[in-house]
Amino acid sequence: GKWKIYLGMSMNYSWPVCRLIIAGLAWSLRDWHWHLRCISALVAVGAVILFWLPESPRWLVARGRMDEAKQILSDASKKNGKPVEPEQIILTEPSSKGSQGSFFDILRHPTLRLHVLIMYFNWFTTAFIMYGLALSWQSLTGGLFLNFIIGTILDFPAKTLAMLLVQNVGRKYPYMVGSTITGVMFLLTLFIERDVYPSNWPIVVLALIGNFTTTMCFAILYMYTGELMPTTVRAAGVGSSSLVSKIGGTLSTTVAALADIHPAIPTIIFATMAIISGAITIFVPETMGKKMPDSFDDIEKVAFKAPWKK
(Lines give C-alpha, C1' and ligand atoms only; values in the text may rest on other atoms or scores of the structure.)
Protein backbone atom coordinates (compact mmCIF):
# COMPACT_ATOMS: atom_id res chain seq x y z
CA GLY A 1 0.00 0.00 0.00
CA LYS A 2 0.91 3.65 -0.18
CA TRP A 3 1.88 3.84 3.50
CA LYS A 4 4.46 1.11 3.01
CA ILE A 5 6.01 3.30 0.32
CA TYR A 6 5.76 6.57 2.23
CA LEU A 7 7.12 5.18 5.51
CA GLY A 8 9.66 2.86 3.92
CA MET A 9 11.13 5.40 1.54
CA SER A 10 10.99 8.37 3.90
CA MET A 11 13.87 6.74 5.78
CA ASN A 12 16.02 7.62 2.76
CA TYR A 13 15.96 11.25 3.90
CA SER A 14 18.36 10.28 6.69
CA TRP A 15 21.12 10.07 4.07
CA PRO A 16 21.12 13.76 2.99
CA VAL A 17 20.50 14.90 6.57
CA CYS A 18 23.62 13.06 7.70
CA ARG A 19 25.59 14.35 4.73
CA LEU A 20 24.73 17.92 5.74
CA ILE A 21 25.81 17.13 9.30
CA ILE A 22 29.11 15.72 8.04
CA ALA A 23 29.68 18.78 5.84
CA GLY A 24 29.06 21.01 8.86
CA LEU A 25 31.42 18.95 11.01
CA ALA A 26 34.12 19.02 8.32
CA TRP A 27 33.79 22.80 8.04
CA SER A 28 33.79 23.53 11.76
CA LEU A 29 35.91 20.70 13.22
CA ARG A 30 39.14 20.47 11.31
CA ASP A 31 40.46 17.95 13.86
CA TRP A 32 39.42 14.56 12.46
CA HIS A 33 39.45 13.03 15.97
CA TRP A 34 36.49 15.18 17.02
CA HIS A 35 34.86 14.52 13.68
CA LEU A 36 34.90 10.76 14.33
CA ARG A 37 33.75 11.20 17.93
CA CYS A 38 30.64 13.09 16.81
CA ILE A 39 29.79 10.55 14.11
CA SER A 40 30.30 7.63 16.52
CA ALA A 41 28.00 9.27 19.06
CA LEU A 42 25.20 9.43 16.48
CA VAL A 43 25.71 5.75 15.61
CA ALA A 44 25.59 4.81 19.30
CA VAL A 45 22.24 6.59 19.73
CA GLY A 46 20.85 4.72 16.72
CA ALA A 47 21.91 1.37 18.17
CA VAL A 48 20.20 2.11 21.50
CA ILE A 49 16.81 3.23 20.13
CA LEU A 50 16.49 -0.05 18.19
CA PHE A 51 15.64 -1.62 21.56
CA TRP A 52 12.11 -0.13 21.28
CA LEU A 53 11.53 -1.34 17.71
CA PRO A 54 9.35 -4.50 17.58
CA GLU A 55 10.10 -7.44 15.32
CA SER A 56 8.27 -7.66 11.99
CA PRO A 57 5.03 -9.69 12.45
CA ARG A 58 5.21 -10.77 8.81
CA TRP A 59 8.68 -12.21 9.35
CA LEU A 60 7.58 -13.93 12.57
CA VAL A 61 4.63 -15.54 10.78
CA ALA A 62 6.88 -16.67 7.93
CA ARG A 63 9.16 -18.25 10.53
CA GLY A 64 6.26 -19.98 12.29
CA ARG A 65 6.54 -17.90 15.49
CA MET A 66 2.79 -17.27 15.67
CA ASP A 67 2.43 -16.36 19.35
CA GLU A 68 5.04 -13.60 19.12
CA ALA A 69 3.42 -12.23 15.95
CA LYS A 70 -0.02 -12.18 17.59
CA GLN A 71 1.32 -10.35 20.63
CA ILE A 72 2.97 -7.64 18.53
CA LEU A 73 -0.17 -7.18 16.41
CA SER A 74 -2.26 -6.99 19.58
CA ASP A 75 0.03 -4.34 21.08
CA ALA A 76 -0.20 -2.33 17.86
CA SER A 77 -3.99 -2.52 17.84
CA LYS A 78 -4.14 -1.20 21.41
CA LYS A 79 -1.86 1.73 20.55
CA ASN A 80 -4.17 2.52 17.61
CA GLY A 81 -7.18 2.63 19.93
CA LYS A 82 -8.75 -0.54 18.49
CA PRO A 83 -7.72 -3.21 21.00
CA VAL A 84 -7.69 -6.84 19.89
CA GLU A 85 -6.50 -9.60 22.19
CA PRO A 86 -3.90 -12.08 20.89
CA GLU A 87 -6.42 -14.92 21.21
CA GLN A 88 -8.73 -13.14 18.78
CA ILE A 89 -6.10 -12.88 16.05
CA ILE A 90 -6.19 -15.66 13.46
CA LEU A 91 -3.03 -16.27 11.48
CA THR A 92 -2.21 -19.01 8.99
CA GLU A 93 0.89 -20.92 9.96
CA PRO A 94 3.19 -21.67 7.01
CA SER A 95 4.39 -25.13 6.14
CA SER A 96 7.67 -26.27 7.66
CA LYS A 97 9.31 -25.92 4.25
CA GLY A 98 7.94 -22.43 3.73
CA SER A 99 9.26 -21.21 7.07
CA GLN A 100 12.85 -22.09 6.18
CA GLY A 101 15.32 -19.97 4.27
CA SER A 102 18.84 -18.60 4.34
CA PHE A 103 21.17 -16.52 2.22
CA PHE A 104 22.43 -19.66 0.47
CA ASP A 105 18.88 -20.59 -0.53
CA ILE A 106 18.75 -17.33 -2.49
CA LEU A 107 21.72 -18.43 -4.56
CA ARG A 108 20.32 -21.95 -5.05
CA HIS A 109 17.04 -20.71 -6.51
CA PRO A 110 17.61 -20.08 -10.26
CA THR A 111 15.10 -17.25 -10.66
CA LEU A 112 15.98 -15.49 -7.42
CA ARG A 113 19.69 -15.93 -8.09
CA LEU A 114 19.37 -14.03 -11.36
CA HIS A 115 17.36 -11.25 -9.70
CA VAL A 116 19.72 -10.86 -6.77
CA LEU A 117 22.88 -10.83 -8.92
CA ILE A 118 21.40 -8.02 -11.02
CA MET A 119 20.46 -6.18 -7.84
CA TYR A 120 23.99 -6.66 -6.50
CA PHE A 121 25.38 -4.95 -9.58
CA ASN A 122 22.81 -2.16 -9.29
CA TRP A 123 23.59 -1.56 -5.61
CA PHE A 124 27.33 -1.66 -6.29
CA THR A 125 27.00 0.79 -9.19
CA THR A 126 24.81 3.37 -7.45
CA ALA A 127 26.94 3.30 -4.30
CA PHE A 128 30.16 3.51 -6.31
CA ILE A 129 28.91 6.58 -8.15
CA MET A 130 27.33 8.25 -5.11
CA TYR A 131 30.32 7.77 -2.83
CA GLY A 132 32.74 8.44 -5.67
CA LEU A 133 31.12 11.83 -6.29
CA ALA A 134 30.82 12.64 -2.60
CA LEU A 135 34.50 11.92 -2.02
CA SER A 136 35.83 13.42 -5.24
CA TRP A 137 33.91 16.61 -5.97
CA GLN A 138 37.12 18.65 -5.95
CA SER A 139 38.99 16.34 -8.33
CA LEU A 140 36.06 15.96 -10.71
CA THR A 141 34.59 19.47 -10.73
CA GLY A 142 37.18 21.75 -9.11
CA GLY A 143 35.00 22.60 -6.08
CA LEU A 144 34.60 21.02 -2.67
CA PHE A 145 32.29 22.31 0.06
CA LEU A 146 29.87 24.28 -2.10
CA ASN A 147 29.39 21.58 -4.74
CA PHE A 148 29.16 18.88 -2.06
CA ILE A 149 26.44 20.81 -0.21
CA ILE A 150 24.54 21.55 -3.44
CA GLY A 151 24.63 17.85 -4.32
CA THR A 152 23.44 17.00 -0.83
CA ILE A 153 20.53 19.46 -0.95
CA LEU A 154 19.48 17.94 -4.28
CA ASP A 155 19.12 14.62 -2.45
CA PHE A 156 15.86 15.81 -0.90
CA PRO A 157 13.96 16.41 -4.18
CA ALA A 158 15.62 13.31 -5.69
CA LYS A 159 14.28 11.06 -2.95
CA THR A 160 10.90 12.78 -3.08
CA LEU A 161 10.74 12.16 -6.84
CA ALA A 162 11.72 8.52 -6.26
CA MET A 163 8.85 8.16 -3.79
CA LEU A 164 6.33 9.65 -6.23
CA LEU A 165 7.57 7.50 -9.11
CA VAL A 166 7.44 4.32 -7.04
CA GLN A 167 3.91 5.18 -5.95
CA ASN A 168 2.53 6.13 -9.37
CA VAL A 169 4.76 4.59 -12.06
CA GLY A 170 6.61 1.60 -10.64
CA ARG A 171 10.09 0.51 -9.67
CA LYS A 172 11.63 -1.05 -12.74
CA TYR A 173 11.35 1.60 -15.44
CA PRO A 174 12.04 4.64 -13.22
CA TYR A 175 15.25 2.90 -12.15
CA MET A 176 16.21 2.02 -15.72
CA VAL A 177 15.58 5.54 -17.01
CA GLY A 178 17.28 7.18 -14.03
CA SER A 179 20.39 5.02 -14.30
CA THR A 180 20.62 5.61 -18.05
CA ILE A 181 20.32 9.38 -17.58
CA THR A 182 23.15 9.19 -15.06
CA GLY A 183 25.38 7.49 -17.61
CA VAL A 184 24.48 9.94 -20.37
CA MET A 185 25.20 12.96 -18.14
CA PHE A 186 28.67 11.69 -17.35
CA LEU A 187 29.36 10.91 -21.00
CA LEU A 188 28.43 14.47 -21.93
CA THR A 189 31.02 15.85 -19.52
CA LEU A 190 33.73 14.21 -21.64
CA PHE A 191 32.94 16.61 -24.49
CA ILE A 192 33.31 19.74 -22.36
CA GLU A 193 36.78 21.22 -22.07
CA ARG A 194 37.92 21.82 -18.49
CA ASP A 195 39.11 25.16 -17.11
CA VAL A 196 37.45 27.10 -19.92
CA TYR A 197 34.21 28.12 -18.21
CA PRO A 198 34.09 29.82 -14.78
CA SER A 199 34.27 27.15 -12.05
CA ASN A 200 33.77 24.52 -14.78
CA TRP A 201 30.05 25.17 -14.38
CA PRO A 202 28.85 22.99 -17.34
CA ILE A 203 30.69 19.99 -15.88
CA VAL A 204 29.37 20.75 -12.41
CA VAL A 205 25.76 21.00 -13.67
CA LEU A 206 25.96 17.70 -15.56
CA ALA A 207 27.62 15.99 -12.59
CA LEU A 208 24.88 17.32 -10.29
CA ILE A 209 22.20 15.96 -12.63
CA GLY A 210 23.98 12.61 -12.60
CA ASN A 211 24.18 12.76 -8.82
CA PHE A 212 20.45 13.59 -8.68
CA THR A 213 19.37 10.62 -10.81
CA THR A 214 21.77 8.24 -9.04
CA THR A 215 20.36 9.30 -5.69
CA MET A 216 16.85 8.70 -7.00
CA CYS A 217 17.87 5.22 -8.19
CA PHE A 218 19.43 4.36 -4.84
CA ALA A 219 16.22 5.28 -3.05
CA ILE A 220 14.24 3.03 -5.41
CA LEU A 221 16.56 0.07 -4.83
CA TYR A 222 15.71 -0.24 -1.14
CA MET A 223 12.02 -0.75 -1.90
CA TYR A 224 12.55 -2.73 -5.11
CA THR A 225 14.98 -5.27 -3.68
CA GLY A 226 12.84 -6.00 -0.62
CA GLU A 227 9.78 -6.64 -2.78
CA LEU A 228 11.66 -9.18 -4.90
CA MET A 229 12.70 -11.29 -1.90
CA PRO A 230 10.55 -13.85 -0.05
CA THR A 231 9.78 -12.89 3.55
CA THR A 232 11.94 -15.68 4.96
CA VAL A 233 15.09 -14.32 3.27
CA ARG A 234 14.15 -10.65 2.74
CA ALA A 235 16.54 -9.43 5.41
CA ALA A 236 19.33 -11.58 3.96
CA GLY A 237 18.64 -10.35 0.43
CA VAL A 238 18.48 -6.65 1.25
CA GLY A 239 21.29 -6.94 3.80
CA SER A 240 23.65 -8.69 1.37
CA SER A 241 22.79 -6.09 -1.30
CA SER A 242 23.66 -3.35 1.16
CA LEU A 243 26.94 -5.14 1.89
CA VAL A 244 27.76 -5.17 -1.82
CA SER A 245 27.01 -1.44 -1.97
CA LYS A 246 29.53 -0.86 0.82
CA ILE A 247 32.14 -2.65 -1.28
CA GLY A 248 31.31 -0.22 -4.07
CA GLY A 249 31.56 2.66 -1.62
CA THR A 250 34.96 1.44 -0.42
CA LEU A 251 36.31 1.07 -3.95
CA SER A 252 35.03 4.56 -4.78
CA THR A 253 37.91 5.96 -2.72
CA THR A 254 40.10 5.14 -5.72
CA VAL A 255 38.21 7.63 -7.91
CA ALA A 256 40.27 10.60 -6.75
CA ALA A 257 43.48 8.69 -7.56
CA LEU A 258 42.15 7.79 -11.01
CA ALA A 259 41.20 11.42 -11.62
CA ASP A 260 44.80 12.40 -10.87
CA ILE A 261 45.91 10.13 -13.73
CA HIS A 262 43.27 11.57 -16.08
CA PRO A 263 39.96 13.28 -15.20
CA ALA A 264 38.14 11.25 -17.86
CA ILE A 265 38.86 7.85 -16.30
CA PRO A 266 36.34 7.97 -13.40
CA THR A 267 33.81 9.65 -15.69
CA ILE A 268 34.02 6.81 -18.22
CA ILE A 269 33.72 4.23 -15.43
CA PHE A 270 30.68 5.98 -13.93
CA ALA A 271 28.96 6.31 -17.32
CA THR A 272 29.60 2.72 -18.41
CA MET A 273 28.46 1.15 -15.16
CA ALA A 274 25.32 3.32 -14.94
CA ILE A 275 24.22 2.49 -18.49
CA ILE A 276 24.86 -1.24 -18.01
CA SER A 277 22.95 -1.15 -14.72
CA GLY A 278 19.93 0.42 -16.39
CA ALA A 279 20.04 -2.06 -19.28
CA ILE A 280 20.24 -5.31 -17.30
CA THR A 281 17.35 -4.30 -15.04
CA ILE A 282 15.06 -5.19 -17.97
CA PHE A 283 15.46 -8.80 -16.80
CA VAL A 284 13.97 -8.09 -13.35
CA PRO A 285 10.16 -8.14 -12.95
CA GLU A 286 8.10 -5.13 -11.95
CA THR A 287 6.75 -5.43 -8.39
CA MET A 288 4.27 -2.54 -8.33
CA GLY A 289 0.80 -3.69 -7.29
CA LYS A 290 1.94 -7.26 -6.66
CA LYS A 291 1.83 -9.13 -3.36
CA MET A 292 5.26 -9.56 -1.84
CA PRO A 293 6.39 -13.21 -1.89
CA ASP A 294 6.22 -15.00 1.45
CA SER A 295 8.15 -18.13 0.43
CA PHE A 296 10.26 -19.51 -2.41
CA ASP A 297 7.14 -21.09 -3.90
CA ASP A 298 5.75 -17.59 -4.49
CA ILE A 299 8.81 -16.68 -6.54
CA GLU A 300 7.62 -19.01 -9.27
CA LYS A 301 4.67 -16.68 -9.83
CA VAL A 302 7.12 -14.06 -11.07
CA ALA A 303 9.47 -16.51 -12.80
CA PHE A 304 12.01 -14.92 -15.11
CA LYS A 305 10.88 -14.38 -18.68
CA ALA A 306 12.86 -12.71 -21.42
CA PRO A 307 11.36 -9.30 -22.27
CA TRP A 308 10.63 -10.42 -25.83
CA LYS A 309 8.65 -13.47 -24.66
CA LYS A 310 4.98 -13.32 -23.66
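Refer to the structure printed above.
For the structure given in this document, a descriptive report is provided here. If you're wondering where the values come from, they're calculated on a predicted model, not measured in any experiment.

### Here's the deal with the overall build of the protein
Part 1 of the reasoning: Tallying secondary structure elements over the protein gives 15 helices and zero strands in all.
Part 2 of the reasoning: A total of 310 residues make up the protein; the buried ones form 43% of that total.
Part 3 of the reasoning: Here the contacts in the protein between residues at least 6 apart in sequence split such that 81% fall between residues at least 24 apart.
Part 4 of the reasoning: Accessible surface for the protein amounts to roughly 16,600 Å². Of this, 69% is attributable to carbon and sulfur atoms.

### Some remarks on the packing of helix H2 (residues 14-28) against helix H3 (residues 32-49)
Part 1 of the reasoning: At a closest axis distance of 10 Å, the pairing of H2 and H3 adopts a crossing angle of 155°. One element, H2, and the other, H3, form an angle in the roughly antiparallel class. Between H2 and H3 lies a crossing whose hand is right-handed. Between H2 and H3, the residues in contact are Ile21, Ile22, Leu25 and Ala26 and His35, Cys38, Ile39 and Leu42, respectively.
Part 2 of the reasoning: In the contact of H2 with H3, the residues fall into seven nonpolar, one polar and no charged.

### Brief notes about the layout of surface pockets
The method is simple in principle: a probe with the dimensions of a water molecule rolls over the atoms, and the space it marks as empty is what remains.
Part 1 of the reasoning: Each pocket or cavity is described by its volume, and for the largest pocket that value is around 1,600 Å³.
Part 2 of the reasoning: Lys4, Gly8, Met11, Ser56 and Arg234 are, among the 31 residues lining the largest pocket, the residues nearest its centre.
Part 3 of the reasoning: Elements represented by at least two residues in the lining of the largest pocket include exactly helix H1 (2-10), H2, helix H4 (57-62), helix H11 (201-228) and helix H12 (234-251).
Part 4 of the reasoning: Along the lines of polarity and charge, the residues of the lining of the largest pocket split into 17 nonpolar, seven polar and seven charged.

### Digging into the nonpolar core
Inside soluble globular proteins, nonpolar side chains tend to come together where they are buried.
Part 1 of the reasoning: By size, the foremost hydrophobic cluster in this structure holds 22 residues, and its most contacted members are Met9, Met119 and Ile220.
Part 2 of the reasoning: For this core, the elements supplying multiple residues, two or more each, are H1, helix H7 (110-141), helix H9 (155-168) and H11.
Part 3 of the reasoning: Considering every element that reaches this core, the biggest residue donor is H11, with nine residues.
Part 4 of the reasoning: If near-sequence neighbours (up to four positions away) are discounted, Met119 is found in contact with Leu221, Tyr224, Thr225, Leu228 and Val284.
Part 5 of the reasoning: Val116, Tyr120, Phe186 and Ala274 belong to the second largest nonpolar core, which has 19 residues in total.

Cut-offs and rules
- Residues numbered from 1 in each chain as written.
- Predicted model: local features only at pLDDT ≥ 70, side-chain atom pairs only at ≥ 80, totals over all residues.
- Heavy atoms only, no water.
- Helix = DSSP H or I, 4+ residues; strand = E, 2+ residues; numbered from the N terminus.
- Buried < 20%, exposed > 50% of the residue type's maximum accessible area, 1.4 Å probe, protein only.
- Contact = heavy atoms within 4.5 Å.
- Areas by Shrake-Rupley, 256 points an atom, 1.4 Å probe, with all protein chains shown as cover.
- Axes fitted to C-alpha atoms, helices over the stretch in contact; angles between N-to-C directions.
- Parallel < 35°, antiparallel > 145°, perpendicular 65-115°, else oblique.
- Left-handed = near helix turned anticlockwise from the far one by under 90°.
- Nonpolar A, V, L, I, M, F, W, Y, C, P; charged D, E, K, R; others polar.
- 1 Å grid on protein atoms, 1.4 Å probe; cavity = no way out; pocket = protein on both sides within 12 Å on 5 of 7 lines; lining within 4 Å.
- Points joined across faces, edges and corners; volume = space filled by probe spheres on them.
- Core = buried A, V, L, I, M, F, W, Y, C linked by side-chain atoms within 4.5 Å.

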